[in-house]
Amino acid sequence: MSIWGNPVMMGGSGGGGGGVPLLTRAQWNALSTAQKQAYGLLAIQDYNSGFDRGELVYGADYIASLLTASEVSSILAEAMCENYRVGIATWGNLSLVGSSSMEIETDGSVHFNGDGMSAYYDLGAANTPVTNYMVFKSLSSSAISRLISNVYANSSGNVPGLYRNGEYIYYTYYSGDTNTGVSAVDGFHCIAVSNAGGGQSSTFYVDAVKKGALTPTNVGRYSEFSATLLMGGNKYGGNYDIKYMAVVSGAEPEATVIANMQSIMAYYGIS
């Protein structure tokens with residue numbers, strides 16, 4: 001048996017790529033990074049019926065999670081620009097709104113522009129502890145636009161997150177905004193929010209530096225990136241190039257968040 005899970009070979013006279021290994025998603029997930037990267041073309045099967053039964057990947061190009069300090073089982077979504085495909089409805093387990101208008105830039109980042117574009121993860125219930133990560137560059141310094149939001153309702157204390165106001169990145173909940181002093185328009189930045197839940201601390205980070213904390217009344221059910229389209233959010237869509245977004249279960253502690261941000265920043269060349 002192969003160390004890679006005894007793959008079945010596809011292909012042959014039916015036209016199929018000259019023998020492409022086939023693994024189930026469970027078999028693929030069980031492989032180490034080195035084992036995944038030992039493959040060339042590989043088919044990963046998710047379903048046993050219907051037209052779309054999985055995906056075709058190239059193992060040698062596989063990139064391991066950048067959340068090096070997180071428990072693997074806690075990573076709910078991780079969207080890397082290297083894995084984005086134009087027109088897809090989901091990206092790294094995030095749901096996309098307005099995906100038909102999203103574009104890939106020359107540097108590989110994904111362009112979000114306007115109120116009708118966002119990415120989100122449904123946590124299933126409000127006040128669920130969660131940590132969010134994002135790598136972005138703002139292409140505009142006009143008006144106000146959201147970056148990371150966990151909207152519960154548009155009322156005092158209920159919208160913890162990060163946003164751009166003019167040139168700068170702010171951390172906030174409704175009726176309480178603080179300027180981090182970091183420009184959003186001078187290149188790519190890595191940001192993060194760790195939410196412990198309603199009535200508990202939300203902590204905000206920019207480029208692996210803790211910028212402050214607030215105590216929101218409630219934290220929303222949805223972790224949203226760019227526009228806030230769910231749970232009554234006031235859209236505030238951004239004009240952003242985005243390279244990375246992630247959602248992790250639980251309010252990760254400061255040391256974990258900073259270690260993850262340092263890993264993400266090193267990968268994307270952010271100083």
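Residues numbered from 1 in each chain as written. Predicted model: local features only at pLDDT ≥ 70, side-chain atom pairs only at ≥ 80, totals over all residues. Heavy atoms only, no water.

Engineer: How should I be thinking about the nonpolar core in this particular structure?
Structural biologist: Considering soluble globular proteins, one finds that nonpolar side chains tend to be buried as a cluster. Trp-91, Phe-112, Tyr-133, Tyr-244 and Met-245 are the most contacted members of the largest nonpolar core, which has 55 residues in total. Ranked by residues supplied to this core, first place goes to strand S20 (residues 239-249) with 7 residues. Membership of the second largest hydrophobic core comes to 7 residues, among which are Leu-23, Trp-28, Leu-42 and Val-57. (Core = buried A, V, L, I, M, F, W, Y, C linked by side-chain atoms within 4.5 Å. Buried < 20%, exposed > 50% of the residue type's maximum accessible area, 1.4 Å probe, protein only. Helix = DSSP H or I, 4+ residues; strand = E, 2+ residues; numbered from the N terminus.)

Engineer: What is the right way to read the pattern of salt bridges from this model?
Structural biologist: Opposite charge on two side chains permits pairing when their charged atoms draw close. Evaluation of the coordinates by the stated rule reveals 3 salt bridges. Between Arg-25 and Asp-46 there is a salt bridge, with the nearest N and O atoms lying 2.7 Å from each other. Of this pair, Arg-25 sits in helix H1 (residues 25-29) while Asp-46 sits in the loop between strand S3 (41-45) and strand S4 (54-58), and the two are 21 residues apart along the sequence. Judged by relative accessible area, which is 34%, Asp-46 ranks as partly exposed. Close ionic contact of Arg-221 with Asp-122 constitutes a salt bridge, the shortest N to O distance being 2.7 Å. Taken together, the positions of Arg-221 in the loop between strand S18 (209-214) and strand S19 (222-226) and Asp-122 in strand S10 (residues 118-122) put the pair 99 residues apart, joining distant regions of the chain. Take Asp-122: its relative accessible area is 31%, and that puts it in the partly exposed class. Here the salt bridges share partners, and the residues they tie into one network are Arg-25, Asp-46 and Glu-55. (Salt bridge = Lys/Arg side-chain N within 4 Å of Asp/Glu carboxyl O.)

Engineer: Explain the packing of aromatic side chains here, please?
Structural biologist: In this description, a pair of aromatic rings is defined by centroid distance and the angle of the planes. For the coordinates displayed, the defined rule picks out 8 aromatic pairs. An angle of 15 degrees between the planes, with centres 4.9 Å apart, marks the rings of Tyr-171 and Phe-204 as stacked. Here Tyr-171 is found in strand S14 (residues 168-173), whereas its partner Phe-204 is found in strand S17 (residues 202-206), with 33 residues between them in sequence. For the pair formed by Tyr-171 and Phe-204, the shared burial category is buried. Geometrically, the ring pair formed by Tyr-267 and Tyr-268 is edge-to-face, given 4.8 Å between the ring centres and 90 degrees between the ring planes. Given the relative accessible area of 11%, Tyr-268 is considered buried. Taken together, the ring pairs in this structure connect Tyr-244, Tyr-267 and Tyr-268 into an aromatic cluster. Positioned over the ring face of Tyr-163 is Arg-146, at 5.8 Å from the centre of the ring. The ring of Phe-188 has Lys-243 sitting right over it, with the charged end atom 4.4 Å from the ring centre. (Phe/Tyr/Trp six-rings, centres within 6.5 Å; stacked < 30°, edge-to-face > 60°. Lys NZ or Arg CZ within 6 Å of the ring centre and 35° of its normal.)

Engineer: What exactly am I supposed to notice about the environment of Val-193 here?
Structural biologist: By the element assignment, Val-193 lies in strand S16 (residues 189-195). Sequence separation between Val-193 and Ala-89 is 104 residues; the distance between their C-alpha atoms is 25 Å. Contacts of Val-193, omitting those with residues within four sequence positions, involve Val-130, Thr-131, Asn-132, Ile-148, Gly-161, Leu-162, Thr-203 and Phe-204. (Contact = heavy atoms within 4.5 Å.)

Engineer: So what exactly am I meant to see when it comes to the sheet that holds S19 here?
Structural biologist: Either a parallel or an antiparallel arrangement is found when strands of a sheet pair, and the pairing is made through backbone hydrogen bonds. Here 8 strands make up an open sheet; going across it, the order is S6-S7-S10-S19-S12-S13-S14-S15 and the pairing antiparallel. This sheet does not close on itself; its edge strands, each paired only once, are strand S6 (90-91) and strand S15 (176-183). Pairing between strand S7 (residues 94-97) and S10: 3 bridges, direction antiparallel. Across the sheet, Leu-96 pairs through a bridge with Ala-119, a residue of S10. (Pairing = 2+ DSSP bridges.)

Engineer: Just to check I follow, could you spell out the side chain of Asn-158 for this structure?
Structural biologist: Turning to its location among the elements, Asn-158 is positioned in the loop between strand S12 (144-149) and strand S13 (161-165). In this structure the side chain of Asn-158 is engaged in a polar contact, spanning 2.8 Å, whose partner is the side chain of Ser-155. Those residues in contact with Asn-158 that sit more than four places away from it in its chain are Asn-150, Val-151, Tyr-152, Ala-153, Tyr-174, Thr-217 and Asn-218. (Polar contact = N/O pair within 3.5 Å; in protein donor to acceptor, adjacent residues only side chain to side chain.)

So far we have only geometry, and geometry alone does not tell us how the molecule works.
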